[in-house]
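For reference, the chains in residue letters:
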Amino acid sequence: MGITNDAGPGRDRLLSPSQIEALIADGQAIIIIDQKVLRVDAWLPYHPGGYKPIQHFIGKDATDEFTVMHSAETHQLIGRYQIGRIEGPWRNLVPPIQGGQNGHENEKTPQADDGGSSDVNIEGSPQLSPERNPPEALAFLNAQTKEEISLTLDRYPSLDASTQSAIIEKYRLLYQQVHAEGLYECNYTAYLWEFARCALLFSIMLFFLRIKWYYTSAVFLGWFWSQMVFAAHDAAHMAITHDFLIDNLIGMIIAAPIGGLSLGWWKRTHNVHHLVTNSPEHDPDNQHLPFLAVNHRFLGSLFSTYHERLMPYTRIAQRLVPYQAYLYYPLLMFGRFNLYVQSWLFLAYAQGPRKGPAWWHRYFEIAGNLVFWAWFGYGIVYRSLPTVGTRVLYVLISHAVTMPLHVQFTLSHFAMSKADLGPDESFPQRMLRTTMDVDCPEWLDWVHGGLQFQAIHHLFPRVPRHNLRRVQKLVLGFCREVGIPYALYGFVGGNRKVVGSLAEVGRQAAILAECRRVVAGRVAHSHEH
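Residues numbered from 1 in each chain as written. Predicted model: local features only at pLDDT ≥ 70, side-chain atom pairs only at ≥ 80, totals over all residues. Heavy atoms only, no water.

(A) Region of interest: the packing of aromatic side chains. Under the defined criterion, the tally for this structure stands at 29 aromatic pairs. Taking 6.4 Å as the distance between ring centres and 75° as the angle between the ring planes, the aromatic pair formed by Phe337 and Tyr340 counts as edge-to-face. A residue pair is termed a helical-turn pair when its members lie 3 or 4 positions apart in one helix, as Phe337 and Tyr340 do in helix 13 (residues 335-348) at 3 residues. Taken together through their ring pairs, the aromatic side chains of Phe202, Phe224, Trp225, Phe334, Phe337, Tyr340, Phe372, Trp373, Trp375 and Phe376 make up a single cluster. Lying over the aromatic face of Trp225, Arg336 brings its terminal NZ or CZ to 4.3 Å of the ring centre. (Phe/Tyr/Trp six-rings, centres within 6.5 Å; stacked < 30°, edge-to-face > 60°. Helix = DSSP H or I, 4+ residues; strand = E, 2+ residues; numbered from the N terminus. Lys NZ or Arg CZ within 6 Å of the ring centre and 35° of its normal.)

(B) Examining the environment of Leu405 more closely. Within the fold, Leu405 resides in helix 16 (residues 403-411). For Leu405, a relative accessible area of 8% gives the class buried. For the pair Leu405 and Ser226, spaced 179 residues apart in sequence, the C-alpha to C-alpha distance is 6.4 Å. Look past the residues within four positions of Leu405 in its chain and what remains in contact with it is Ser226, Val229, Phe230 and Leu451. (Buried < 20%, exposed > 50% of the residue type's maximum accessible area, 1.4 Å probe, protein only. Contact = heavy atoms within 4.5 Å.)

(C) Looking closely at the nonpolar core. Core analysis: the largest hydrophobic core is formed by 59 residues, its most contacted members being Val178, Leu432, Phe460 and Val475. When residues of this core are assigned to their parent elements, the largest contribution, 7 residues, is made by helix 20 (residues 468-482). In this view, Leu432 contacts Tyr156, Met416, Ala455, Leu459, Val475, Phe478, Cys479, Ile484, Pro485 and Tyr486; residues no more than four positions away in its chain are not counted. Formed by 37 residues, the second largest nonpolar core is a distinct cluster that contains Tyr191, Phe208, Leu261 and Leu347. (Core = buried A, V, L, I, M, F, W, Y, C linked by side-chain atoms within 4.5 Å.)

(D) Inspection of the side chain of Asn271 at higher detail. The topology assignment puts Asn271 in helix 10 (residues 263-275). Residue contacts for Asn271: discarding those within four places in its chain leaves Gly49, Pro53 and Met69.

(E) Local environment of helix 13. For helix 13, with 14 residues, the first-to-last C-alpha span of 20 Å sits near the 20 Å given by 1.5 Å per residue. The set of residues buried in helix 13 consists of Gly335, Arg336, Leu339, Tyr340, Ser343, Phe346 and Leu347. All buried residues of helix 13 project into a common sector of 150° when viewed along the axis, lining one side. Contacts made by the buried residues of helix 13 are with helix 8 (214-236), helix 10, helix 12 (324-332), helix 14 (361-382), helix 15 (388-400) and helix 16. Of the residues trailing helix 13, Ala350 is marked for its positive phi of about 50°. (Expected span 1.5 Å × (residues − 1). Arc of directions from axis to C-beta.)

(F) Highlighting the side chain of Arg469. Mapped onto the elements, Arg469 comes out in helix 20. A polar side-chain atom of Arg469 sits 2.7 Å from a polar atom in the side chain of Asp445. (Polar contact = N/O pair within 3.5 Å; in protein donor to acceptor, adjacent residues only side chain to side chain.)

(G) Molecular detail of the pairing of strand 2 (residues 36-39). As paired strands, strand 1 (residues 30-33) and strand 2 are joined by 4 bridges and run antiparallel to one another. Counted as the bridge partner of Ile33 is Lys36 from strand 2. Linkage of strand 1 to strand 2, two consecutive antiparallel strands, is achieved through a turn of 2 residues, within which Asp34 is found at a positive phi near 50°. Note: strand 2 against strand 3 (residues 82-85), 3 bridges, orientation antiparallel. (Pairing = 2+ DSSP bridges.)

(H) Structural view of the environment of Thr63. Secondary-structure assignment places Thr63 in helix 3 (residues 63-69). Reaching out from Thr63, the side chain makes a polar contact with the side chain of Asp61 at a distance of 2.6 Å.

(I) View of the sheet that holds strand 2. Strand order in this open sheet of 3 strands is 1-2-3, and the pairing throughout is antiparallel. One side of each edge strand has no neighbouring strand; the edge strands of this open sheet are strand 1 and strand 3. Taking the axes of each pair of neighbouring strands and ignoring which way they run, one obtains an average angle of 30° across the sheet. In the packing of helix 1 (residues 17-25) onto the sheet, the strands contacted are strand 1, strand 2 and strand 3, and the crossing angle to strand 1 comes to about 140°. (Axes fitted to C-alpha atoms, helices over the stretch in contact; angles between N-to-C directions.)

Have a look at this one:
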């Protein structure tokens, strides 16, 4: 790692909440792990997963998130950043990136100590853009937010400290059980079968290309890419060998020279997604304007903390969103093209770490992407296909057949809760509240590639994919014990839920558009008089 942050003899001194708040107010990146107070400013530019995941835990106890996302070796390195310690439970602050001022905005978070009504202060929220919304529109959006939070609080355990502490304690016991039962150990034989399947798909693609069944060849190429993505996803989470270097090499080789994508870009967005799942303001996997608005808050022009810019609800969005339930599947047929664009922007602008253990990843991925366009763009599309029309259709078909993969990406989150319940909510409750699993027979697991166990995966990101079905049984028992609903739908039922959720936001968009027309008419009428 090569960095030190020597805190001197005071490294083990006891720090009070007011002292920690003062450090955060002074602009320092302070997080708490295992009762240790860490100042991680020096590590921000070196963190392989990007600096934004760390920013979302300034002023918070990140013990569970850190534990499940990192190896035991990384856990041993945090002592070098320790500047003190705390005693007893810690009341989480709202991180500055999420709107916390001087680190503490807890008064604005939902409270349900008695299981009763929530106290939510959303009027004047900095995320919504008042200048882009007349008062009537803001009132409508705020009413929708209050209803969303109220319904969510009714379904899930109370946010009071004792309830959430009990959930955390049981979750940590569950984590130990998963380890004790050997479910973090990889089944390498299963990956040999994965490799054989992918090699077969690629060989069939080449065979049909050779006999000039071009469009059949394109279908098998798309299926090959889809299957390879599953292993890249596992490697990016260090869920194969649990070794940072080896797993990243596996993931980057699959992503760049084989798939034409950037694993670094994916990790930069995906790590944030795992930590602030389904938050419209913070989760980049939810931010798809002007084409899709997965929550009513996007209709009010939100500020994205990930992209660090306003996401305006433009005229184009106003025309598309009311019909998004019908556009959902056609749009996902072009999802892979968007991944190319995002990958090259990430690499061109050097948005990944430029220091630390991942400094060289950018150059490796640029070289890998050039290899991809050499064999696919030049070798197959240009040299092996006879006409321009054939080339265009080959590209479109090979990319369109990856659409089910993109459906799988979105299926587990688009229809789930997007309410912000504040910093008092525990990690396991937040993951289970915002993530859906897809039920399927075991013999179909290879088709879904482990992505059908998204809720389990979010609770234990580094558990190898082939063990997730076994972990699911343990999580079901945990959910029954702590009273957290576990969302499990069949593939068809899950799709219906997602399309229904998109249709509901589309209906809200139509109501909002009518509201704006009425307001505009009043303004015009007043000017005439």
